[in-house]
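Single-letter residue listing:
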Amino acid sequence: SGLGFAFSELRPAGMRTKRSRGISSGPISFLEVYNQAFGVIKQQGRHGANMAIFRVDHPDIIDFINCKRVEGKIRNFNISVALTDEFMETVVNRPDDLWLAAWNGKKMKPHKVLRSKNGTVEGYEEVDITAKELFDIIVDAAWTNGEPGTFFIDAANRANPLPRFSDIKATNPCGEQPLGAYDVCNLGSINLAVLARDGEVNWDRLAFVT
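What counts as what
Residues numbered from 1 in each chain as written. Predicted model: local features only at pLDDT ≥ 70, side-chain atom pairs only at ≥ 80, totals over all residues. Heavy atoms only, no water. Core = buried A, V, L, I, M, F, W, Y, C linked by side-chain atoms within 4.5 Å. Buried < 20%, exposed > 50% of the residue type's maximum accessible area, 1.4 Å probe, protein only. Helix = DSSP H or I, 4+ residues; strand = E, 2+ residues; numbered from the N terminus. Contact = heavy atoms within 4.5 Å. Expected span 1.5 Å × (residues − 1). Arc of directions from axis to C-beta. Salt bridge = Lys/Arg side-chain N within 4 Å of Asp/Glu carboxyl O. Axes fitted to C-alpha atoms, helices over the stretch in contact; angles between N-to-C directions. Parallel < 35°, antiparallel > 145°, perpendicular 65-115°, else oblique. Nonpolar A, V, L, I, M, F, W, Y, C, P; charged D, E, K, R; others polar. Polar contact = N/O pair within 3.5 Å; in protein donor to acceptor, adjacent residues only side chain to side chain. Pairing = 2+ DSSP bridges. pLDDT = per-residue confidence, 0-100.

## Some remarks on the nonpolar core
One broad rule of soluble globular proteins: the nonpolar side chains tend to lie buried together.
Part 1 of the reasoning: Counting residues in each nonpolar core, the largest one holds 26 residues, and the members touching the most others are I61, F64 and L134.
Part 2 of the reasoning: Of all elements in the fold, only α1 (27-43), β2 (49-55), α2 (61-65), β3 (77-83), α3 (85-93) and α4 (131-145) reach the threshold of two or more residues within this core.
Part 3 of the reasoning: With sequence-adjacent residues up to four places away left out, L134 is seen in contact with V56, I61, I62, I65, F87, W99 and I129.

Here it is in structure tokens:
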């Protein structure tokens, strides 16, 4: 399969959950569970490739950027940071401004997720970080082992051909196709060589095949 997941729609780690009165384990813990599940699928002779998209204005953004720093970890997912117009404008024009994340409409500082040795979330610390410093962390992680990638989510939504159905939330694993909520990518190919003869394209046939 090839799936795209918008993990930044999940509650930040260490925050209270109302119904269970517990503490959220955060999006990265769910990413690890999904990764493990696709590892099981691969063991059965099938291949799973996935994309995890995470917004730069989510409180757990630093945790996400660093989740694949260890080579071989979360191997069944590509990961990309969804960069917003607001973030890029801040990086370019006001790089020394503190970057604020947001959750449920409330602005807050990005979080450093605190975990025990076995990985259990114990809480979080708020972090003072400028837009440029956060951008530098993204660049450094990408330089270290190739991830995360970047996805300009506001630009994608400006070009969204079907806005009445859904905003663009994620992409397929290699980023060829932006996807809305519960959308799928159906990739196909057209062999142009068989549609050309004597140096001319059979445009009618190309239109029919397309």
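Resuming the write-up.
## Focus on α4
Part 1 of the reasoning: Counted at 1.5 Å a residue, the expected span for α4 with its 15 residues is 21 Å, and the 22 Å between its end C-alpha atoms agrees.
Part 2 of the reasoning: Those residues of α4 that sit buried are A131, L134, I138 and A141. Down the axis of α4, the smallest arc covering the buried residues is 100 degrees, so these residues share one side.
Part 3 of the reasoning: In the core, the buried residues of α4 are packed alongside α2, β3, α3 and β8 (149-152).
Part 4 of the reasoning: A positive backbone phi angle near 90 degrees is found at G146, which sits one or two residues after α4.

## A few points about the pattern of salt bridges
Part 1 of the reasoning: For the coordinates displayed, the defined rule picks out twelve salt bridges.
Part 2 of the reasoning: Across the salt bridge formed by K169 and E9, the nearest N and O atoms sit 3.1 Å from each other. Here E9 lies in the loop between β1 (2-6) and α1 and K169 lies in strand β9 (residues 168-171), a separation of 160 residues in the sequence.
Part 3 of the reasoning: Connected via shared salt-bridge partners are E89, R94 and D97.

## Concerning the packing of α3 against α4
Part 1 of the reasoning: Contact geometry of α3 with α4 gives a least axis separation of 8 Å together with a crossing angle of 105 degrees. Relative to α4, α3 is oriented roughly perpendicular. Where α3 abuts α4, its residues F87, M88, T90 and V91 lie against A131, L134 and F135.
Part 2 of the reasoning: Taken together, the residues of the contact of α3 with α4 break down into six nonpolar, one polar and no charged.

## Points about the environment of V121
Part 1 of the reasoning: Note that V121 resides in strand β7 (residues 121-126).
Part 2 of the reasoning: For the pair V121 and G14, spaced 107 residues apart in sequence, the C-alpha to C-alpha distance is 6.5 Å.

## Quick word on the side chain of S29
Part 1 of the reasoning: By the element assignment, S29 lies in helix α1.
Part 2 of the reasoning: One polar contact links the side chain of S29 to the main-chain carbonyl oxygen of G26, over a distance of 2.7 Å.

## Looking at the sheet that holds β1
Part 1 of the reasoning: If you walk across this open sheet you meet the four strands as β1-β2-β3-β8, and the pairing is parallel. At either end of the open sheet lies a strand with only one pairing partner, and these are β1 and β8. If you compare each strand with its neighbour and ignore which way they point, the axes differ by 30 degrees on average.
Part 2 of the reasoning: Bridge count for β2 against β3 is six bridges, and the pairing is parallel. Each residue of the ladder has a partner; that of M51, found in β3, is N78.

## Quick notes on the confidence of the model for the chain
Part 1 of the reasoning: Scored by pLDDT, the chain comes out at a mean of 92, with 97% of its residues at no less than 70.
Part 2 of the reasoning: The least confident element of the chain, judged by mean pLDDT, is β1 at 88; the most confident is α3 at 98.

## Quick notes on the pairing of β3
Moving residue by residue along a regular strand, the side chains alternate between the two faces of the sheet.
Part 1 of the reasoning: For β3, a buried count of six out of seven residues is recorded, marking the element as mostly surrounded by other parts of the structure.
Part 2 of the reasoning: Pairing between β3 and β8: four bridges, direction parallel. Bridged to V81 within β8 is T150.

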